[in-house]
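Single-letter residue listing:
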Amino acid sequence: MGLFVFDRVLAAFTMGTHMLFTYWAISLPIFIVTAEYLAYKRNDPYYMALAKRFSVVMAVLFAVGSAAGAAIAVEFITVWYRWMYIVNEVDILPFEIEVMAFFSEVIFLSLYLYGWDRLSRTAHMVLGLMVGVGSTMSAVLIVLVNSWMNTPNGFNVEEFVTTGKITDVNPIASLWPPAASAEVPMVIAGAWFVGFGSLTGYFAFRKLFSKLNRDQNEYYNRGLKLSLFLASLDAFLLGWSGDNAGKVLYSEQPLKLATLEGVMKTGAGVPMTVGPISIPGVLSLLSTWPPNPNAVVLGYSSFVKAVQDPIWWISHDAYDLHATLGIVGALVFWILASFTFFRLPRMKKAFGFLGLDNPLEKKLPLYVALVVGWLQLLAWESGWVAAETGRQPFVIWGPMEETSSGLYTIQAGMLTTQGFNNNPDVLPIGIAIMAALVLAVLGTLYMLRKLFMGRDVSKDVKISENELDVSVKTAGPRTSIQGSTVEDKGEMKDKGEIK
């Protein structure tokens, strides 16, 4: 394996691993604070138990995610130092602000964990929200750098492409490159959706495959309801952000749009193609504003060979997988949420054979929630693969211009072949980074298993009852229930059954 290939594999491995933790950092604070709010509002110890246990999960994942982020920082200044030099000269401001956002996240997380029973309820929930603000801002600022790589600004790009000189630097202008209008909403909405969706899958898994006593059944029911509600709500934002991203690519990066959608020939009324399915005019319709089903979409036939993505098929297939899983996830969560939170007597009767008359207890909807929820992890990773391979063959894009032949070309700010480090010392550094990340992930799985298996949910619920000064009426002793097929006759009905 040459160093060029090794450096790219290293980048893909470290970024892909880090992405496994970023969506938790963005979504968990919202889930936890919402559970805490519901616990106070309804005097519900099950929501309180959820908030407390998952706040510890958040701390564990934050620690490992931070370590992965540190590994990437080392990689930036060693393996891709040529790229980092240009960023340092023009677009370093987002990185500098991100350090402050990271420290804010650390401080607020520490205060939130320490502040249980030491602060007022309102102050404690505000701290939890600030953890989410800090983690979200960290993600946004990193995405701004990625956006700048796609549509660089804040300096004289044309002169840099021609002479290699960096002039007319404006760090403030580089803070919001054109591609950020697509990437920022897509990343935030996607992180929330994957986080809430995977939580839905987790709670469905526990309902299906665990022997549950009454407290555990209520606990997992609360978690399933909350994650399902948040996922279905975020699905609206995810749909808009995906539509918006296509429109931004159409105007700012038509070559990347052609790569992701697999458009080989320029034409009007271009179809949307996913696998064997092709719907006429839909890509033109969705990519333009105002929507125009007859709009011209540039394909590879309009660009010179040198700037076409040599691995376009990876980008296209990964994007199809990403979009398909996202759409399926949104539809499934909307359906499950509708049958969970609304009465719909006629609909429930009509679709009772699918288990939708009681989706929290019937096996079929729980299996669907499990599979679709966890498939969002694959959607998240495939979206990243599509975005990064779709930028090839560039690390930093340049302006698009028309050649004398009538075809378009992209002026390269930096080609991928120019950005890597060809020093053999990269090998031991890269291998050490990958080994450390493997150990970190395995250690995280071990710690989370100990956390979830080492303490009984009923103990957490009992502690929460004492803290909220309530007791839960049950129809009998807290005995085991197999899976989710037995209804909990002692189900708490808000304040009517809470003393």
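For clarity, every value in this text was computed on a predicted model and none was experimentally measured.

**Considerations on the overall build of the protein chain**
Item 1. Secondary structure assignment for the protein chain yields 16 helices and 10 strands.
Item 2. For 499 residues, the compact-globule estimate of 2.2 N^0.38 gives 23 Å, and the C-alpha radius of gyration of the protein chain, at 25 Å, lies within 12% of that figure.
Item 3. Each principal axis of the C-alpha atoms in the protein chain carries an extent, and together these give about 80 × 50 × 40 Å.
Item 4. Considering the protein chain as a whole, with its 499 residues, one finds that 52% of them fall into the buried category.
Item 5. In the protein chain, 77% of the contacts between residues at least 6 apart in sequence involve partners at least 24 apart.
Item 6. Of the roughly 22600 Å² that the protein chain leaves accessible, carbon and sulfur atoms contribute 67%.
Item 7. With 37 positive and 40 negative side-chain charges, the protein chain shows a separation of 15 Å between the mean positions of the two kinds.

**Considerations on the nonpolar core**
In globular proteins that are soluble, nonpolar side chains generally tend to be buried together.
Item 1. Leu28, Phe31, Ile32, Phe54, Phe203 and Tyr219 are the most contacted members of the largest nonpolar core, which has 81 residues in total.
Item 2. Not counting residues within four places of it along the chain, the set of residues in contact with Leu28 comprises Phe54, Val57, Met58, Leu61 and Leu199.
Item 3. Ile72, Val157, Val395 and Met434 belong to the second largest nonpolar core, which has 31 residues in total.

**Digging into the pattern of salt bridges**
Item 1. Under the definition given, this model contains 10 salt bridges.
Item 2. In this structure, Asp460 engages Arg53 in a salt bridge whose closest nitrogen and oxygen atoms are separated by 2.8 Å. Of the two residues, Asp460 sits in helix H16 (residues 457-468) while Arg53 sits in helix H2 (residues 45-78), which places them 407 residues apart along the sequence.
Item 3. In this structure Asp460 comes out as buried when scored by relative accessible area, which is 14%.

**A word on a nonpolar patch on the surface**
Item 1. On the surface, Met347, Phe351, Phe353, Leu354, Leu364 and Val368 cluster together to form a nonpolar patch covering roughly 520 Å² of accessible area.
Item 2. For Leu354, a relative accessible area of 31% gives the class partly exposed.

**Digging into helix H8 (residues 214-252)**
Helical geometry: 3.6 residues make up each α-helical turn, so side chains three or four residues apart lie on a common side.
Item 1. Along its 39 residues, H8 runs 55 Å from first to last C-alpha, staying within 8% of the 57 Å computed at 1.5 Å per residue.
Item 2. The largest bend in H8 amounts to roughly 30° and is located at Ala235.
Item 3. A side-chain oxygen of the first residue of H8 lies 3.1 Å from the backbone nitrogen of Asp215; this N-cap is Asn213.

**With respect to the packing of helix H1 (residues 3-42) against helix H7 (residues 180-209)**
Item 1. At a closest axis distance of 8 Å, the pairing of H1 and H7 adopts a crossing angle of 70°. Taken together, the axes of H1 and H7 are roughly perpendicular relative to one another. Two packed elements cross with a definite hand, and for H1 against H7 that hand is right-handed. Two secondary-structure elements touch here, H1 through Tyr23, Trp24, Ile26, Ser27, Leu28, Ile30 and Phe31 and H7 through Ile188, Ala191, Trp192, Val194, Gly195, Phe196, Ser198, Leu199 and Phe203.
Item 2. Residues that form the contact of H1 with H7 fall into these classes: 13 nonpolar, three polar and no charged.

**Some remarks on the packing of helix H3 (residues 81-90) against helix H5 (residues 121-150)**
Item 1. Between H3 and H5, the least distance of the axes is 12 Å, while the angle of their chain directions is 105°. The orientation of H3 relative to H5 falls into the category roughly perpendicular. Facing H3, whose interface residues are Trp83, Ile86, Val87 and Val90, H5 presents Val145, Trp148 and Met149.
Item 2. Split by residue class, the contact of H3 with H5 holds seven nonpolar, no polar and no charged.

**Description of the environment of Gly383**
Item 1. Mapped onto the elements, Gly383 comes out in helix H13 (residues 363-389).
Item 2. For the pair formed by Gly383 and Ala318, sequence separation is 65 residues and the distance between their alpha carbons is 6.5 Å.

**Notes on the packing of aromatic side chains**
What characterises a pair of aromatic rings is the spacing of the ring centres plus the angle enclosed by the ring planes.
Item 1. As enumerated under the stated definition, the model contains 28 aromatic pairs in all.
Item 2. On the basis of an interplanar angle of 35° and a centroid distance of 6.0 Å, the ring pair of Trp148 and Phe155 is categorised as tilted.
Item 3. Ring plane angle 25° and centroid distance 6.4 Å describe the contact between Phe351 and Phe353, whose orientation is recorded as stacked.
Item 4. Each member of the aromatic cluster is reached from another via a ring pair, and the members are Phe31, Phe54, Tyr202, Phe203, Tyr219 and Tyr220.
Item 5. In this structure, Arg118 packs its charged tip against the face of Tyr114, placed 4.2 Å from the ring centre.

**Regarding the environment of Val56**
Item 1. If you trace the backbone, Val56 turns up in helix H2.
Item 2. On the accessibility criterion, Val56 (37% relative accessible area) is partly exposed.
Item 3. Along the chain, Val56 and Phe209 lie 153 residues apart, while their C-alpha atoms are 23 Å from each other.

Calculation notes
- Residues numbered from 1 in each chain as written.
- Predicted model: local features only at pLDDT ≥ 70, side-chain atom pairs only at ≥ 80, totals over all residues.
- Heavy atoms only, no water.
- Helix = DSSP H or I, 4+ residues; strand = E, 2+ residues; numbered from the N terminus.
- Rg over C-alpha atoms; globule rule 2.2 N^0.38 Å.
- Buried < 20%, exposed > 50% of the residue type's maximum accessible area, 1.4 Å probe, protein only.
- Contact = heavy atoms within 4.5 Å.
- Areas by Shrake-Rupley, 256 points an atom, 1.4 Å probe, with all protein chains shown as cover.
- Lys, Arg positive; Asp, Glu negative; His and termini not counted.
- Charge placed at Lys NZ, Arg CZ, Asp CG, Glu CD.
- Core = buried A, V, L, I, M, F, W, Y, C linked by side-chain atoms within 4.5 Å.
- Salt bridge = Lys/Arg side-chain N within 4 Å of Asp/Glu carboxyl O.
- Patch = residues over 30% accessible without salt bridge, like charges linked within 9 Å, V, L, I, M, F, W, Y side chains within 5 Å.
- Expected span 1.5 Å × (residues − 1).
- Bend = angle between axes of the 7 residues up to and from the residue.
- Polar contact = N/O pair within 3.5 Å; in protein donor to acceptor, adjacent residues only side chain to side chain.
- Axes fitted to C-alpha atoms, helices over the stretch in contact; angles between N-to-C directions.
- Parallel < 35°, antiparallel > 145°, perpendicular 65-115°, else oblique.
- Left-handed = near helix turned anticlockwise from the far one by under 90°.
- Nonpolar A, V, L, I, M, F, W, Y, C, P; charged D, E, K, R; others polar.
- Phe/Tyr/Trp six-rings, centres within 6.5 Å; stacked < 30°, edge-to-face > 60°.
- Lys NZ or Arg CZ within 6 Å of the ring centre and 35° of its normal.

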